[in-house]
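# Coordinate analysis (summary)
What follows is each chain in one-letter form.
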Amino acid sequence: MPSDAHDAPVMEAIAERRARIDARLSVAVSPGDPADLYAATRHILTAGGKRLRPTVTLLVAEAVVGADPTSVSYDAFPTRDGEQIDLMAAATAIEVIQSFTLIHDDIMDDDAMRRGVAAVHEAFDTELAILAGDTLYAKAFELLASTGARPDRVVEAVELLATTCVEICEGQAMDIAFESKPQVSTDEYLVMVERKTAVLYATAAAVGAILVGAEEAVVDAVYGYGLESGKAFQIQDDVLDLTTPSAVLGKRRGSDLIERKETLITVHARDRGVDVDAVFAAVQGEDEATVEAAVDRLDEADSIAFAATKAQSLTQAAVDRLMLMDDSPARTLLVELAEYLITRGY
């Protein structure tokens, strides 16, 4: 883990932007009628979260136009051609899409906890949780269409987010299929992670660039930054699932093992001759000792270290993408954010 001194600037930047994102979320997804539907819709949003993806949207836009967030409003954010847009609406849309995916993911995985509170389908019921997710999905596009950006840029951003949602569904389907597939390769796993997780980071970055009028080369560069850092983020999640206590994670430790999910760790372990199916079978959800034994077995095969090293190489690739942009405080924060994604403890 990095030192507190190293973490401080990026953590402060995330916290500052998270406060503004949370304020907009409370307005964008407000209580309504039917009351139960909107209570379920707001449940995961009010449970907290780091708001990393919308923070990426804001930071990329800041880097493109060279804006100082202390002197401009995200609600009237300058573009490269002198116009003003509601950038916060776009950032909020990204977080709302993320929340939609989490609600449906928890239903499919039958996870009881999310962000330290009951998952939406547990706090309410499955039917209402599905509707809450669908409501958030629609709300995200409503928000993205309300930025006031030039119509061609709005269309490009909306098309990108729509394509991303399709890819997220493809990635989720691949993840489910892996549970019954005898062997999963490293390349297959990375494709799944790219679609299920990384594309939303990539789109978060690209939307910020598109709406403020960045050149195509910059849009492509920040999309690549989000894609590489998003894959690294998911691999770090796989590591944390095995190495971090449940109380810190906000969900069951070893849930990937309990659910027999293939990760880069288990794929590598199979390649090293570990009987991963036996590891899965030995894990009992309520017995921490069986999880610990499974983690020890994977650690002995150097599979956890392999995953951590892969996350580091992806992060370096992400940082390299940013070098196309002019140096700025926002670009520096994007570099530090990518590094934070693989050094965080939860």
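From a predicted model like this one, the values you see are computed outputs, not experimental measurements. (Residues numbered from 1 in each chain as written. Predicted model: local features only at pLDDT ≥ 70, side-chain atom pairs only at ≥ 80, totals over all residues. Heavy atoms only, no water.)

### Describing the overall build of the protein chain
Of regular secondary structure, the protein chain possesses 16 helices and 4 strands. Its C-alpha radius of gyration of 20 Å places the protein chain within 12% of the 20 Å reference for a compact globule of 346 residues. Burial status across the protein chain gives 53% buried among its 346 residues. Look at the contacts in the protein chain between residues 6 or more apart in sequence, and 72% of them connect residues 24 or more apart. On the protein chain, roughly 14,200 Å² of surface is accessible, and the fraction owed to carbon and sulfur atoms is 52%. For the protein chain, the distance from the average position of its 30 positive side-chain charges to the average position of its 60 negative side-chain charges is 1 Å. (Helix = DSSP H or I, 4+ residues; strand = E, 2+ residues; numbered from the N terminus. Rg over C-alpha atoms; globule rule 2.2 N^0.38 Å. Buried < 20%, exposed > 50% of the residue type's maximum accessible area, 1.4 Å probe, protein only. Contact = heavy atoms within 4.5 Å. Areas by Shrake-Rupley, 256 points an atom, 1.4 Å probe, with all protein chains shown as cover. Lys, Arg positive; Asp, Glu negative; His and termini not counted. Charge placed at Lys NZ, Arg CZ, Asp CG, Glu CD.)

### Concerning the pattern of salt bridges
In the structure shown here, the tally under the stated rule is 29 salt bridges. Note that D81 and R150 form a salt bridge whose closest N and O atoms lie 3.3 Å from each other. With a gap of 69 residues between them, D81 in the loop between β1 (77–78) and β2 (84–85) and R150 in the loop between α6 (126–144) and α7 (151–178) connect regions that are remote in the sequence. Since its relative accessible area comes to 38%, D81 is described here as partly exposed. A salt bridge links R115 to E95, with the shortest nitrogen-to-oxygen separation between them at 3.5 Å. Taken together, the positions of R115 in the loop between β3 (113–114) and β4 (117–118) and E95 in helix α4 (residues 87–109) put the pair 20 residues apart, joining distant regions of the chain. (Salt bridge = Lys/Arg side-chain N within 4 Å of Asp/Glu carboxyl O.)

### Regarding the state of the cysteines
Taken as a whole and judged by the stated rule, the model has 0 disulfides. Here C169 stays unpaired: no disulfide links it, and the sulfur of C165, its closest cysteine neighbor, is 7.1 Å away. What makes C169 partly exposed here is its relative accessible area of 46%. (Disulfide = S-S within 2.5 Å.)

### Regarding the packing of aromatic side chains
Counted by the stated rule, this structure contains 4 aromatic pairs. Look at Y201 and F233: their rings are 5.2 Å apart centre to centre, the planes differ by 55°, and that puts the pair in the tilted class. In this pair, Y201 is assigned in helix α8 (residues 186–211) and F233 in helix α9 (residues 216–243), connecting sequence segments 32 residues apart. Of the two residues examined, Y201 and F233, each falls in the buried class. Across from the ring centre of F233, 5.2 Å away, lies the NZ or CZ of R53, which sits over that ring. (Phe/Tyr/Trp six-rings, centres within 6.5 Å; stacked < 30°, edge-to-face > 60°. Lys NZ or Arg CZ within 6 Å of the ring centre and 35° of its normal.)

### Considerations on the side chain of E95
Judged by its relative accessible area of 1%, E95 is buried. Sequence-distant contacts of E95, that is, excluding residues within four places in its chain, are made with L25, R51, P54 and R115.

### Let's talk about the confidence of the model for the protein chain
Residue-level pLDDT values for the protein chain average 93, and 97% of them are 70 or greater. Contacts of residues 1–5 to residues separated by more than four positions or lying in other chains number 5 contacts, the stretch itself having pLDDT below 50. (pLDDT = per-residue confidence, 0-100.)

### Structural notes on the environment of P245
By the element assignment, P245 lies in the loop between α9 and α10 (246–249). Relative accessible area serves as the criterion here: at 48%, P245 is assigned to the partly exposed category. Linking P245 and G345, residues 100 residues apart in sequence, is a C-alpha distance of 10.0 Å.

### What about the side chain of T92?
You can see T92 is positioned in helix α4. Once you skip the residues sitting within four places of it in the chain, T92 turns out to touch R24, L25, A28 and L143.

### Structural notes on a negative patch on the surface
Together, E156, E159, E216 and D220 give the surface a local cluster of negative charge. The set of elements that each furnish at least two residues to the negative patch consists of α7 and α9. Take E156: its relative accessible area is 40%, and that puts it in the partly exposed class. (Patch = residues over 30% accessible without salt bridge, like charges linked within 9 Å, V, L, I, M, F, W, Y side chains within 5 Å.)

### Considering the environment of A28
Positionally, A28 belongs in helix α1 (residues 4–28). Sequence separation between A28 and V120 is 92 residues, and the spatial gap between their C-alpha atoms is 19 Å. Excluding anything up to four places from it in sequence, A28 contacts T92, K139 and L143.

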